[in-house]
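# Structural description and commentary
In case you want the letters, here they are:
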Amino acid sequence: MLEIIRIPVLSDNYIWLVHEAESGETMVVDPAVAEPVLAEADRRGWKITQIWNTHWHPDHTGGNAAIKDATGCLITGPAAEQERIPTLDRLVKEGDTVKLGEVIAEVIDVPAHTAGHIAFYIPSENVAFVGDTLFAMGCGRLFEGTAEQMYDNMRKLESLPDNTKVYCAHEYTQSNGEYALVAEPDNFALKERMAEVLTLRARGEPTVPTTIKLERATNPFMRAATVEELAARRTAKDNF
Ligand code: ZN
Ligand code: FE
């Protein structure tokens, strides 16, 4: 059983601190910064043993070096980004697995937001860490890839079980939802969800994790029927 703690940092980033009780291992997903992560682990009496990076962007890797200095942890990340994430100890790609204690995560290649972006899927826990590829009602911008790649990514992620909890790296849900309502004005599930999101955000509460089931019903990028539709929606959202 994993314990997963949300650490909000910068303007809208979420760092996930993940503890596996049996082994005592503690892992950090995408540490933008080090201080609040080290403080939270300290407060809980957890020793950080690993970092898992989804992609090279500084708001996902900026804390790597300082956390490693403080803890001696092992850093795992995308094989394709060895040069852009110089702190990596272990390089992984689709087909590889990573362990936290005895808990096994499968690596999924999801290029498009960045060329080497990966996601970590843990079947035994129904958990996926997706970085900046899939957001609640949104997807990552296409900085280093194509709409076709993002379309393929959506197919991979929507094939995960309904009840998979999706831990993305930003609280973008409200602005994503505002665009989603424009893309799919007749989607009732989307309207319902947006009402809940507005209530949560008004109270300052998070809307992440989401689930694969909820994204299938409300995410205009996962729901785009063709590559062209996804491309058009991504461009529209960029200019929204
Ligand atoms: Zn990013
Ligand atoms: Fe990011």
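Please read all numbers here as calculations on a predicted model, not as lab measurements. (Residues numbered from 1 in each chain as written. Chains lettered and ligands numbered in written order. Predicted model: local features only at pLDDT ≥ 70, side-chain atom pairs only at ≥ 80, totals over all residues. Heavy atoms only, no water.)

### With respect to the coordination of the iron ion (ligand 2)
Ligation of the iron ion (ligand 2) by protein atoms is provided by Asp59 (OD), His60 (NE2), Asp132 (OD) and His170 (NE2), these donors lying 2.1 to 2.3 Å from the ion. Expressed as a motif, the donor residue spacing for the iron ion (ligand 2) is D-H-x71-D-x37-H. Metal-to-metal, the separation of the iron ion (ligand 2) and the zinc ion (ligand 1) is 3.1 Å; Asp132 coordinates the two. With a gap of 72 residues between them, His60 in helix H2 (residues 58–61) and Asp132 in the loop between strand E10 (127–131) and strand E11 (134–135) connect regions that are remote in the sequence. Exposure class is identical for His60 and Asp132. Each is buried. (Donors = N, O, S within 2.8 Å, 3.2 Å for Na, K, Ca; no water. Helix = DSSP H or I, 4+ residues; strand = E, 2+ residues; numbered from the N terminus. Buried < 20%, exposed > 50% of the residue type's maximum accessible area, 1.4 Å probe, protein only.)

### Concerning the sheet that holds strand E6 (residues 90–92)
One open sheet holds the six strands; their spatial order is E1-E2-E3-E4-E5-E6, and the pairing between them is mixed. The open sheet terminates on both sides in strands that have one partner only, identified here as strand E1 (2–9) and E6. Adjacent strand axes in the sheet meet at a mean angle of 20 degrees when their direction is disregarded. With five bridges joining them, strand E2 (residues 13–20) and strand E3 (residues 25–29) adopt antiparallel strand pairing. The residue of E3 that forms the bridge with Trp16 is Val29. (Pairing = 2+ DSSP bridges. Axes fitted to C-alpha atoms, helices over the stretch in contact; angles between N-to-C directions.)

### Notes on the sheet that holds strand E14 (residues 210–211)
What links the strands of a sheet is backbone hydrogen bonding, and the strands pair in either a parallel or an antiparallel sense. The six strands lie next to each other as E7-E8-E9-E10-E13-E14, forming an open sheet whose pairing is mixed. Only two strands of the sheet have a single neighbouring strand rather than two, namely strand E7 (97–100) and E14. Where E7 lies against strand E8 (residues 103–109), four bridges are found, and the strand directions are antiparallel. Following the sheet pairing, Lys99 is matched in E8 by Ile104.

### Let's talk about the coordination of the zinc ion (ligand 1)
Listed as protein donors to the zinc ion (ligand 1) are His55 (NE2), His57 (ND1), His113 (NE2) and Asp132 (OD); their distances from the metal cover 2.2 to 2.3 Å. The coordination sphere of the zinc ion (ligand 1) comprises four donor atoms, whose angles at the metal cover 86 to 172 degrees; the geometry is irregular. For His55, a relative accessible area of 0% puts it in the buried group. We classify His113 as buried; its relative accessible area is 5%. (Tetrahedral: all angles 85-135°; square planar, octahedral: opposite > 155°, others 65-115°.)

### Looking at the pattern of salt bridges
Counting across every chain of the model gives 18 salt bridges. Across the pair Arg84 and Glu81 runs a salt bridge whose closest N-O atoms are separated by 2.8 Å. Linked through salt bridges whose partners overlap, the residues forming this network are Glu3, Glu40, Arg43 and Arg44. (Salt bridge = Lys/Arg side-chain N within 4 Å of Asp/Glu carboxyl O.)

### What to know about the packing of helix H5 (residues 173–183) against helix H6 (residues 188–202)
Axes are the key here: two packed helices are described by the angle between their axes and the distance separating the axes. Following both chains from N to C, one finds H5 and H6 inclined at 150 degrees, their axes separated by 10 Å at the closest point. For the element pair H5 / H6, the angle class is roughly antiparallel. Classified by chirality, the crossing of H6 by H5 is left-handed. The segment H5 lies against H6, with Thr173, Gln174, Gly177, Glu178, Ala180 and Leu181 engaging Leu190, Lys191, Met194, Val197, Leu198 and Arg201. For the contact of H5 with H6, the class distribution of residues is six nonpolar, three polar and three charged. (Parallel < 35°, antiparallel > 145°, perpendicular 65-115°, else oblique. Left-handed = near helix turned anticlockwise from the far one by under 90°. Contact = heavy atoms within 4.5 Å. Nonpolar A, V, L, I, M, F, W, Y, C, P; charged D, E, K, R; others polar.)

### Digging into the pairing of strand E4 (residues 48–52)
Counting buried positions along E4 gives four out of five residues, so the element sits mostly inside the fold. Looking at chain direction, E3 and E4 are connected through four bridges and run parallel. Its bridge partner being in E4, Val29 is matched across the sheet by Trp52. With helix H1 (residues 35–44) bridging E3 and its parallel neighbour E4, the resulting β-α-β unit is right-handed. In this structure, E4 lies alongside strand E5 (residues 74–78), joined through three bridges in parallel fashion. The residue bridging Trp52 from the neighbouring strand is Thr76, located in E5. (Right-handed = clockwise from strand over helix to strand, strands pointing away.)

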